[in-house]
Amino acid sequence: MKHNKVPAKTSSSEDVDQFLRQLDAVTQQSSERHRGRLLFALDATASRQPTWDRACQLQGDMFVKTRGIGALDVQICFYRGYDQFRVSPWYNNPADLVRAMSSVSCLGGHTQISRVLSHALREHKKHPVAAVVFIGDCLEEPLDDLCHLAGQLGLVSVPLFIFQEGRDALASNGFKQLARLSRGAHCQFDNHGAEVLGELLNAVAVFATGGQKALRSFGETSSAAVKKLCHKLENPSA
């Protein structure tokens with residue numbers, strides 16, 4: 001059986017820094033948009049049911065926060081059970097989005113994050129995607145493969161905003177690497193962090209429609225958690 005190794009053991013810090021410098025040379029996405037596209041991905045395995053329910057409640061507010069900046073289109077994708085990966089149409093109405101999410105039940109299974117990242121790359125080729133949000137608590141796949149996909153997202157300026165529930169150390173290490181390679185951000189929250197998660201999702205929605213300039217302005221009057229997210233996005237290596 002092949003034993004997969006994580007990049008932290010196979011690549012030096014100099015190699016990672018060199019790759020990130022390469023990303024700096026890539027033309028970044030425009031800071032002004034008329035319509036943003038946000039891919040909202042969730043782990044819908046059995047342990048995710050509480051987070052899924054909270055995410056349903058938080059979705060409508062994402063649209064409200066973007067008024068006056070630009071319109072927002074959101075697509076849901078999720079994995080669950082045995083090899084199930086589902087993708088919704090693109091929604092621009094919060095009621096339709098919440099209705100679609102509410103119809104899904106969570107099932108036990110392993111993570112399929114590689115399918116999320118591969119789908120994001122395909123969607124971006126069809127029409128630009130401003131950002132990918134992922135909510136999960138576990139990482140059970142070869143990290144080398146995931147980092148390769150995250151690096152590709154970084155090269156086309158599609159940042160990953162990874163919101164991790166819980167404190168699983170292995171998942172946290174992997175999620176941090178994926179966020180960094182995509183020039184996104186990784187944040188953790190606990191079972192009582194629904195309000196903080198909502199604020200962070202609103203911030204990402206603002207970024208998806210107005211870019212870093214709009215996010216920076218939004219962060220000036222927001223909570224410490226949002227300010228921290230802004231700092232992570234502007235300083236991915238911090």
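In this report, the structure presented in the accompanying data block is examined.

Quick notes on the rules
Residues numbered from 1 in each chain as written. Predicted model: local features only at pLDDT ≥ 70, side-chain atom pairs only at ≥ 80, totals over all residues. Heavy atoms only, no water. Phe/Tyr/Trp six-rings, centres within 6.5 Å; stacked < 30°, edge-to-face > 60°. Helix = DSSP H or I, 4+ residues; strand = E, 2+ residues; numbered from the N terminus. Buried < 20%, exposed > 50% of the residue type's maximum accessible area, 1.4 Å probe, protein only. Polar contact = N/O pair within 3.5 Å; in protein donor to acceptor, adjacent residues only side chain to side chain. Contact = heavy atoms within 4.5 Å. Pairing = 2+ DSSP bridges. Axes fitted to C-alpha atoms, helices over the stretch in contact; angles between N-to-C directions. Core = buried A, V, L, I, M, F, W, Y, C linked by side-chain atoms within 4.5 Å. Salt bridge = Lys/Arg side-chain N within 4 Å of Asp/Glu carboxyl O.

**Regarding the packing of aromatic side chains**
And step 1. In total, this model carries three aromatic pairs according to the counting rule given.
And step 2. Arranged with centres 6.4 Å apart and planes meeting at 20 degrees, the rings of Tyr79 and Phe134 form a pair that is stacked. One end of the pair, Tyr79, is in strand E2 (residues 71-80); the other, Phe134, is in strand E4 (residues 131-136), and 55 residues separate them in sequence.
And step 3. Classification of Phe134 by relative accessible area gives buried; the value is 3%.

**Some points on the side chain of Gln75**
And step 1. Locating Gln75 in the fold gives a position in strand E2.
And step 2. For Gln75, a relative accessible area of 3% translates into the label buried.
And step 3. At 3.0 Å, the side chain of Gln75 forms a polar contact with the backbone oxygen of Ser88.
And step 4. Discounting chain neighbours no more than four positions away, the residues touching Gln75 are Leu38, Leu39, Phe40, Val87, Ser88, Pro89, Trp90, His119 and Glu123.

**Here we look at the pairing of E4**
And step 1. In terms of burial, E4 is largely enclosed, as six of its six residues are buried.
And step 2. By the alternation rule, side chains of E4 split into Ala131, Val133 and Ile135 and Val132, Phe134 and Gly136, which are all buried.
And step 3. Pairing of strand E1 (residues 35-43) with E4, which is carried by five bridges, proceeds in the parallel orientation. Its bridge partner lying in E4, Leu42 is registered against Ile135.
And step 4. As paired strands, E4 and strand E5 (residues 160-165) are joined by five bridges and run parallel to one another. Bridge assignment links Val132 to a residue of E5, and that residue is Leu160.

**Here we look at the sheet that holds E5**
And step 1. As summarised here, the arrangement of the six strands in space is E3-E2-E1-E4-E5-E6, forming an open sheet in which the pairing is mixed. Of all strands in the sheet, those bounded by a partner on one side alone are strand E3 (84-91) and strand E6 (185-189). Within this sheet the neighbouring strands show an average axis-to-axis angle of 15 degrees, counted without direction.
And step 2. Strands in contact with helix H4 (residues 94-102) are E1, E2 and E3; relative to E2, the strand with the most contacts, it is inclined by about 5 degrees.

**Here we look at the environment of Leu229**
And step 1. Mapped onto the fold, Leu229 is located in helix H9 (residues 224-234).
And step 2. Sequence separation between Leu229 and Arg216 is 13 residues, and the spatial gap between their C-alpha atoms is 10.0 Å.
And step 3. Apart from the residues lying within four places of it in its own chain, the contact partners of Leu229 are Phe161, Ala185, Cys187, Leu200, Ala203 and Val204.

**Considerations on the pairing of E1**
And step 1. Buried residues dominate E1, accounting for eight of its nine residues.
And step 2. Relative to E2, E1 runs parallel, the two sharing nine bridges. Across the sheet, the residue bridging to Leu38 is Val74, located in E2.

**Thoughts on the nonpolar core**
Taken as a class, soluble globular proteins show a tendency for nonpolar side chains to be buried jointly.
And step 1. With 39 residues, the main nonpolar core has Val133, Phe161 and Phe163 as its most contacted residues.
And step 2. It is helix H8 (residues 194-220) that provides the largest number of residues to this core, a total of 12 residues.
And step 3. Setting aside its immediate chain neighbours within four residues, Phe163 contacts Val133, Phe134, Ile135, Gly136, Cys187, Phe189, Leu197, Leu200, Leu201 and Val204.
And step 4. Formed by 28 residues, the second largest nonpolar core is a distinct cluster that contains Tyr79, Phe85, Leu153 and Leu178.

**Overview of the pattern of salt bridges**
And step 1. Overall, the coordinates contain three salt bridges when judged by the stated rule.
And step 2. The partner of Glu123 in a salt bridge is Arg37, with the nearest N and O atoms 3.7 Å apart. Of this pair, Glu123 sits in helix H5 (residues 113-126) while Arg37 sits in strand E1, placing them 86 residues apart in sequence.
And step 3. Residues participating in the shared-partner salt-bridge network are Arg37, Glu123 and Lys126.

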